[in-house]
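# Observations on chain architecture
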Amino acid sequence: MSPVRKAVFPVAGLGTRMLPATKVLPKEMLPVVDKPIIQYALEEARAAGIEEFIFVTGRGKTLIEDHFDRAVELFDTLAAKGKSEALAELEAGIPKAGEVTYTRQQEPLGLGHAVWCARHLVGDEPFAVSLVDDLILGDSPCLGELAEAHGRTGGNIVATMEVPHAHTKRYGILDPGEIDGRLVEAKAMVEKPEPERAPSRYAVIGRYVLLPEIFGHLDRQEPGAGGEIQLTDAMAQMLGARPFHGYVFSGERYDCGDKLGYLEAIVAAALRRPDLADGFASILKRYD
Ligand code: G1P
């Protein structure tokens, strides 16, 4: 069993890059094929052995709570019509009562602040953080790979991948030390550096396993890049004191906060679906 039992999903962000779709609809509820983006993140976390799902929401995000609730009338109707397959899929997609909790980030002060808002719900144990915009598709759940790596190192683990040099200013970037297979020791990290200041191309992707000490650093964290309280800055304060690694995860990551990334996620997810792959591939051929 994974020793990482809880996952925090910061979902308070406004999704301005996907307007006007996100004017009313939370960006996490945008569909990728026939499931909202957030459903993929929950299923990945569950496949990784996570038992408690903590959503840090904000104003206008109540649809997320509704989505993870039992829709009694709908379930009854599906049952009455004998649509047992659709019903079973819906049932499987929602957390059981008591597995999910919601708290609010009352002000948009940054990712570090959003994670800090979950401190009482996490308590004193290692926990996962999943940034839902980063949709990761693969044969093994990314968070599971991180939890397993955490089991080996006992320290903090962030998902990482190499990005084009010109893109470093979109990410937290690691200054790598020793590299052992997929484990990349982090000697330092910096949030959104210009390419000329970036210590490497190893970008932090939105999956983390963190030690609870992070909350002490977040308590004292001053605003950083973009005037926001950055998770990266608080993580950087644990360097040296505790093992800290990037893990080059095995799946493919799609940035669903970006229009092209979102479109690619839909294509990739559809092509992974046995019921859609062939039909969709022949449609795509028409657009070559
Ligand atoms: C956040 C983190 C950044 C990380 C990125 C991954 O940035 O602050 O370190 O590389 O997620 O998606 P955001 O995309 O929220 O600006």
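Described in the following lines is the structure provided in the data block.

What the protein contains, in helices and strands, is eleven helices and 13 strands. On C-alpha atoms alone, the protein measures out to a radius of gyration of 19 Å, which is about the 19 Å that the 2.2 N^0.38 rule sets for 288 residues. Of all 288 residues assigned to the protein, the portion counted as buried reaches 49%. Put simply, 76% of the contacts in the protein that link residues at least 6 apart link residues at least 24 apart. Charged side chains in the protein number 32 positive and 43 negative. The centres of these two groups are separated by 3 Å.

On to the packing of aromatic side chains. Following the criterion strictly, the structure yields five aromatic pairs and no others. With centroids separated by 5.4 Å and ring planes inclined at 25 degrees, the aromatic side chains of Phe-55 and Phe-68 adopt a geometry described as stacked. Of the two residues, Phe-55 is situated in strand β4 (residues 52-57) and Phe-68 in the loop between α2 (62-67) and α3 (72-80); the sequence distance between them amounts to 13 residues. By way of ring pairs, the aromatic residues Phe-9, Phe-53, Phe-55, Phe-68 and Tyr-102 are connected into one cluster. Positioned over the ring face of Tyr-40 is Lys-35, at 4.5 Å from the centre of the ring. Note that Arg-119 overlies the ring of Trp-116, its terminal NZ or CZ placed 3.7 Å from the centroid.

Turning to empty space enclosed by the protein, a few remarks are in order. Evaluated as defined, the whole model comprises one cavity of 30 Å³ or more. By volume, the largest cavity is sized at about 40 Å³. Lining the largest cavity, in full, are Ile-37, Tyr-40, Ala-41, Glu-44, Val-132, Asp-134, Leu-135, Ile-136 and Arg-207. Tallying contributions element by element places helix α1 (residues 37-47) first for the lining of the largest cavity, with four residues. Within the lining of the largest cavity, the residues separate by chemical class into six nonpolar, no polar and three charged.

Relative orientation and spacing of two packed helices are given, respectively, by the angle between their axes and the distance between those axes. In the contact formed by α3 and helix α4 (residues 84-93), the axes pass within 8 Å of each other and the chain directions differ by 150 degrees. Compared by their axis directions, α3 and α4 come out roughly antiparallel. The way α3 lies across α4 gives a crossing that is left-handed. Note on element contacts: α4 touches α3 through Ala-86, Leu-87, Leu-90 and Glu-91, opposite Leu-74, Phe-75, Leu-78 and Ala-79. Class assignment for the residues of the contact of α3 with α4 results in seven nonpolar, no polar and one charged.

About the criteria used
- Residues numbered from 1 in each chain as written.
- Predicted model: local features only at pLDDT ≥ 70, side-chain atom pairs only at ≥ 80, totals over all residues.
- Heavy atoms only, no water.
- Helix = DSSP H or I, 4+ residues; strand = E, 2+ residues; numbered from the N terminus.
- Rg over C-alpha atoms; globule rule 2.2 N^0.38 Å.
- Buried < 20%, exposed > 50% of the residue type's maximum accessible area, 1.4 Å probe, protein only.
- Contact = heavy atoms within 4.5 Å.
- Lys, Arg positive; Asp, Glu negative; His and termini not counted.
- Charge placed at Lys NZ, Arg CZ, Asp CG, Glu CD.
- Phe/Tyr/Trp six-rings, centres within 6.5 Å; stacked < 30°, edge-to-face > 60°.
- Lys NZ or Arg CZ within 6 Å of the ring centre and 35° of its normal.
- 1 Å grid on protein atoms, 1.4 Å probe; cavity = no way out; pocket = protein on both sides within 12 Å on 5 of 7 lines; lining within 4 Å.
- Points joined across faces, edges and corners; volume = space filled by probe spheres on them.
- Nonpolar A, V, L, I, M, F, W, Y, C, P; charged D, E, K, R; others polar.
- Axes fitted to C-alpha atoms, helices over the stretch in contact; angles between N-to-C directions.
- Parallel < 35°, antiparallel > 145°, perpendicular 65-115°, else oblique.
- Left-handed = near helix turned anticlockwise from the far one by under 90°.

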